[in-house]
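In case you want the letters, here they are:
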Amino acid sequence: QVQLVESGGGLVQAGGSLRLSCVASGRTFSSYAVGWFRQAPGKEREFVAAVNWSGGNAYYAESMKGRFTISRDNAKNTVYLQMNSLKPEDTAVYYCAAVDHSTATPIYSSEYDYWGQGTQVTVSS
């Protein structure tokens, strides 16, 4: 079992930045691929970004490329999502998710086994 806890969300003006953190506990985290997803009110959960176990490979949803950066520090059992140039449409609850023994960067929520509780990001115009 892995427990995931997100933090770093908040209220920011359009054009601003936030860095989300996803801290894992419970098992060896360094073998897990980790993804970030988000869900806005009334909308389906959507993929944001994913990173493989080593941090050597990352994949982004098209609308996040160039604005968001996913990274990880396995020594700290933490994955980060740096979000720059935020837009009001980025407002959502952001979730991190993990799956064991994955060298890939899964983009579908069904591929992940563990989820955090989410952190709210609100971007004002």
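Our structure's up above, just so we're on the same page.
Read on for an overview of the structure. (Residues numbered from 1 in each chain as written. Predicted model: local features only at pLDDT ≥ 70, side-chain atom pairs only at ≥ 80, totals over all residues. Heavy atoms only, no water.)

**A few points about unusual backbone geometry**
Inclusion rule: Working definition: helices are DSSP H or I runs of at least four residues, strands are E runs of at least two. Numbering for both runs from the N terminus. Only protein chains enter the area calculation, which uses a 1.4 Å probe; residues under 20% of their type maximum are buried, those over 50% are exposed, and those in between are partly exposed.
Located in the positive-phi region is Asn77, a residue other than glycine, with phi close to 55 degrees. Here Asn77 shows up in the loop between strand 7 (68-73) and strand 8 (78-83). A relative accessible area of 25% places Asn77 in the partly exposed class.

**Here we look at the environment of Asn74**
Note the following rule: In this description, contact between two residues means that some pair of their heavy atoms is separated by no more than 4.5 Å. We call two N or O atoms a polar contact when they sit within 3.5 Å, provided that within protein one can donate a hydrogen and the other can accept it, with sequence-adjacent residues counted only if both atoms are side-chain atoms.
Here Asn74 is to be found in the loop between strand 7 and strand 8. On the basis of relative accessibility, which here comes to 24%, the residue Asn74 falls in the partly exposed class. Separated by 51 residues in sequence, Asn74 and Ser125 have C-alpha atoms that sit 35 Å apart. Sequence-distant contacts of Asn74, that is, excluding residues within four places in its chain, are made with Phe29, Ser30, Trp53 and Ser54. In this structure the side chain of Asn74 is engaged in a polar contact, spanning 3.1 Å, whose partner is the backbone oxygen of Trp53.

**A look at the sheet that holds strand 1 (residues 3-7)**
Inclusion rule: Pairing between strands is defined by DSSP: at least two bridges between them are needed. For helices, the fitted line uses only the C-alpha atoms of the stretch in contact; every axis is such a line through C-alpha atoms, and the angle between N-to-C directions lies from 0 to 180 degrees.
The strand order across the open sheet built from four strands is 1-3-8-7, with neighbouring strands paired in antiparallel fashion. Bordering the open sheet on either side are strand 1 and strand 7, each of which pairs with just one other strand. On average, each strand axis in the sheet is tilted by 15 degrees relative to the strand beside it, whichever way the strands run. Inspection of the sheet shows strand 7 paired to strand 8 by six bridges, in the antiparallel sense. The partner of Phe68 across the bridge, within strand 8, is Met83.

**Re the nonpolar core**
To be explicit about the condition: As used in this record, nonpolar core signifies buried Ala, Val, Leu, Ile, Met, Phe, Trp, Tyr and Cys residues forming a set joined through side-chain atoms within 4.5 Å.
Core analysis: the biggest nonpolar cluster contains 38 residues, and Leu4, Trp36, Leu81, Met83 and Tyr94 have the highest contact counts within it. Mapped onto this core, the elements with two or more residues apiece are strand 3 (18-25), strand 4 (32-39), strand 5 (46-51), strand 7, strand 8, strand 9 (92-100) and strand 11 (119-124). The element contributing the most residues to this core is strand 9, with six residues.

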